[in-house]
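The primary structure of each chain is shown beneath.
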Amino acid sequence: MARRIPATIISGFLGAGKTTLIRHVIENAKGKRLAFLINEFGDLGIDRDMLLGCGLEGCTDDDIMELANGCICCTVADDFLPTMEKLLDRPEKPDHIVIETSGLALPKPLVKAFNWPEIKAQVTVDGVVTVVDAKALADGRFADDEDAVQQQREADEALDHDNPLEEVFDDQLFCADIVVLNKMDLLDAAEADKVEAELKERLRPGVHLVRSHQAGVDPEVLMGLEKSAEDDLDSRPSHHDGADDHDHDDFHSFVLNLASVEDPVALEMTLKSLIEHFDILRIKGFLDRPGLPRREVLQAAGPRVQRYFDRPWGAGENRRSELVVIGLHTIDEAAIRAHLADWSVAEAAE
């Protein structure tokens, strides 16, 4: 039987550092012919565009393919399989396939898809890597206050206290072969040890945990695991095992189209205020800075906002400012748009 192409699935909650990890993989490919499938929650493909703007050899249109318009774990038949077939039909097949899932995706349905006959004969899941935001975990972002929940239950036993963030986070951990505990530089030594100890208690036996800063993990640590995860589904539990389907009605995303941004510091301060007030989970996108030749990237995960220039605007390219906002389904989109009216937010399709 011909050697099957190994595939690495990179999972992790919104803002954990998956795209940064993939960029590090590209930088350290060491001659390997890699192909990347990038999936995002929402309609605007930001992560692929960020990788193509990195200026690195290997960031080409042909090698970085996008699966937008939803979550890969929900659109396996419609989107993932045709894209994989297109990739495998190339005259020169890749040495390794790297798949970045949406921050709200459950890895297990995707792993199951590798048992489809069209895929299984040519590709195997070498391993599942889950990236974790250590600071967010230390801040309790993925877990409920147990005492507060108990008080709610005692007050009204009929209330549904499921935490959609924690369910997604758990499923990503339960499916992992390696967990990259990222952003450890944001914690002191005691916090780092505490977070690592608590995380280890949630992992399956034999799952390796790697500390990192800026997702700087050697690709040789992440690849070559030879786990054949598609043959090991029973040992990877999920909150959604037995469910007929899976959707993301708990979450909502929308696109903000802004005018050119003269004062990015003022915009950043406004976004930080909105993140806190409206409990926004993730913001990411690009800013057009008038008079400057380069595009500015803006990212926010929880209360932390980051800006940097990535590449020059192309000749004739439509310079624009676009941000994707992701939150729980209760997020007040209209109020957020109203608060950003000073930046001439245009209506955009969801």
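Procedures and definitions
- Residues numbered from 1 in each chain as written.
- Predicted model: local features only at pLDDT ≥ 70, side-chain atom pairs only at ≥ 80, totals over all residues.
- Heavy atoms only, no water.
- Pairing = 2+ DSSP bridges.
- Helix = DSSP H or I, 4+ residues; strand = E, 2+ residues; numbered from the N terminus.
- Axes fitted to C-alpha atoms, helices over the stretch in contact; angles between N-to-C directions.
- Contact = heavy atoms within 4.5 Å.
- Core = buried A, V, L, I, M, F, W, Y, C linked by side-chain atoms within 4.5 Å.
- Buried < 20%, exposed > 50% of the residue type's maximum accessible area, 1.4 Å probe, protein only.
- Phe/Tyr/Trp six-rings, centres within 6.5 Å; stacked < 30°, edge-to-face > 60°.
- Lys NZ or Arg CZ within 6 Å of the ring centre and 35° of its normal.
- Lys, Arg positive; Asp, Glu negative; His and termini not counted.
- Salt bridge = Lys/Arg side-chain N within 4 Å of Asp/Glu carboxyl O.
- Right-handed = clockwise from strand over helix to strand, strands pointing away.

(A) Focus on the sheet that holds strand E10 (residues 294–301). Taken in spatial order, the five strands make up an open sheet running E8-E12-E9-E10-E11, and their pairing is antiparallel. Only two strands of the sheet have a single neighbouring strand rather than two, namely strand E8 (251–258) and strand E11 (304–312). With strand direction ignored, the average angle separating the axes of adjacent strands in the sheet is 15 degrees. Two elements, strand E9 (residues 282–287) and E10, share six bridges in a ladder whose sense is antiparallel. From the neighbouring strand, Phe 286 faces E10, where its bridge partner is Val 297. Contacts from helix H11 (residues 264–278) reach E8, E9, E10, E11 and strand E12 (321–328), with the element oriented near 140 degrees to E11.

(B) Highlighting the environment of Phe 174. In this fold, Phe 174 is placed in helix H8 (residues 164–174). The spatial distance from the C-alpha of Phe 174 to the C-alpha of Pro 107 is 9.2 Å, given a sequence separation of 67 residues. Residues within four places of Phe 174 in sequence aside, it is in contact with Arg 202, Arg 204, Arg 236, Pro 237 and His 239.

(C) Just the nonpolar core, in detail. Counting 29 residues, the largest nonpolar core has Phe 13, Val 179, Leu 181 and Leu 199 as its most contacted members. Put simply, the parts of the chain that give this core at least two residues each are helix H6 (134–138), H8, strand E6 (178–182), helix H9 (189–200), E8 and E12. For this core, the element with the highest residue contribution is H8, accounting for four residues. When residues no more than four places from it in sequence are discounted, the contact partners of Leu 199 are Leu 137, Phe 169, Leu 173, Val 179, Leu 181 and Leu 209. Membership of the second largest hydrophobic core comes to 23 residues, among which are Phe 80, Leu 88, Leu 110 and Phe 114.

(D) Quick peek at the packing of aromatic side chains. If you walk through the whole model with that rule in mind, you get zero aromatic pairs. In this structure, Arg 295 is placed above the aromatic ring of Phe 286, and the distance from its NZ or CZ to the ring centre is 3.7 Å.

(E) Layout of H8. Within H8, nine of the 11 residues are buried, which leaves it mostly tucked inside the rest of the structure. Of all the positions in H8, only Pro 164, Leu 165, Val 168, Phe 169, Asp 170, Asp 171, Gln 172, Leu 173 and Phe 174 are classed as buried.

(F) Inspection of the pairing of strand E2 (residues 34–39) at higher detail. Within E2, six of the six residues are buried, which leaves it mostly tucked inside the rest of the structure. Where burial is concerned, the two faces of E2 agree: the one with Leu 34, Phe 36 and Ile 38 and the one with Ala 35, Leu 37 and Asn 39 are both buried. As defined by bridge partners, E2 adjoins strand E4 (residues 96–100) across five bridges and the pair is classed as parallel. Note that in E4 the partner of Phe 36 across the bridge is Val 98.

(G) Structural detail: the environment of Thr 270. Position of Thr 270 relative to the elements: it lies in helix H11. On the accessibility criterion, Thr 270 (23% relative accessible area) is partly exposed. For the pair Thr 270 and His 339, spaced 69 residues apart in sequence, the C-alpha to C-alpha distance is 8.3 Å.

(H) How the structure looks around the side chain of Asp 126. Structurally, Asp 126 is set in strand E5 (residues 123–133). No salt bridge is formed by the buried Asp 126; the nearest opposite charge belongs to Lys 32, separated by 7.6 Å. Excluding its chain neighbours within four sequence positions, the residues that come into contact with Asp 126 are Pro 6, Ala 7, Thr 8, His 96, Leu 222, Met 223, Gly 224, Leu 225, Glu 226, Lys 227 and Ser 228.

(I) Region of the structure containing unusual backbone geometry. In the Ramachandran plot, Gln 214 falls in the positive-phi region, its phi being about 55 degrees despite a non-glycine side chain. Positionally, Gln 214 belongs in the loop between strand E7 (208–211) and helix H10 (219–222). Given a relative accessible area of 48%, Gln 214 falls into the partly exposed group. A positive phi angle is found at Ala 215, which is not glycine, with a value near 55 degrees.

(J) Main features of the pairing of E6. For E6, the buried fraction is high: five of the five residues fall into the buried class. Side chains Ile 178, Val 180 and Asn 182 project from E6 onto one buried face, and the interleaved Val 179 and Leu 181 project onto a second face that is buried too. The sheet contact formed by E5 and E6 spans five bridges and is parallel. Directly across from Thr 130, in E6, lies its bridge partner Val 179. Pairing geometry for E6 and E7, over four bridges, is parallel. By the bridge assignment for E7, Ile 178 is matched with His 208. With H9 bridging E6 and its parallel neighbour E7, the resulting β-α-β unit is right-handed.

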